[in-house]
Amino acid sequence: MSQILAIVTLMKERIGGGAPIFVVDKEDDLQKVSFSLEKILDANAHDLKNGTMILVKHT
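First things first, this report covers the structure right here in the doc. For every chain, the first residue of the written sequence is number 1, and numbering continues from 1 along that sequence. For a predicted model such as this one, the threshold for reporting local features is a pLDDT of at least 70, and the threshold for listing and counting side-chain atom pairs is 80 or more; totals across whole chains, interfaces and linings nevertheless cover every residue. Derived side-chain values reflect all non-hydrogen atoms in the structure, with water molecules and hydrogen atoms excluded from consideration.

### Things to note about the nonpolar core
Nonpolar cores were defined as sets of buried Ala, Val, Leu, Ile, Met, Phe, Trp, Tyr and Cys residues, with membership established by side-chain atoms within 4.5 Å. For each residue, the accessible area found with a 1.4 Å probe, counting protein chains only, is set against the maximum for its type, and the residue is called buried under 20%, exposed over 50%, and partly exposed in between. Within the largest apolar cluster, nine residues are counted, these being Ala6, Val8, Val24, Leu30, Leu37, Ala43, Ala45, Met53 and Leu55. Elements with a contribution of two residues or more to this core: strand E1 (2-9), helix H1 (27-41) and strand E4 (52-58). For methionine 53, the residues in contact, after removing those within four places along its chain, are Ala6, Ile7, Val8, Leu30, Gln31, Ser34, Phe35, Ala45, His46 and Asp47. The numbering of helices and of strands both runs from the N terminus, where a helix is a DSSP run of H or I of at least 4 residues and a strand a run of E of at least 2. It only takes one pair of heavy atoms within 4.5 Å for two residues to be counted as in contact.

### Here we look at the pairing of E1
Strands are treated as partners if at least two bridges between them are detected by DSSP. Pairing analysis gives seven bridges linking E1 to E4, with the strands arranged antiparallel. Bridge pairing in E4 places serine 2 opposite histidine 58. Strand direction decides the pairing type here: E1 and strand E2 (residues 21-23), joined by three bridges, are parallel. Bridge pairing in E2 places isoleucine 7 opposite isoleucine 21.

Next comes the structure, spelled out in structure tokens:
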């Protein structure tokens, strides 16, 4: 089973849900924050190709 641990996005108005949401201003920051969280949370970052990345823990 997998669990979404966090969401990193450029589009605050299009995201909702129960996971923590990190809003960034630039594509570079999207990558930097996602990959930092990937290491911190021991998760996998998945690029949804729409200005949003999700951090998922696969078990």
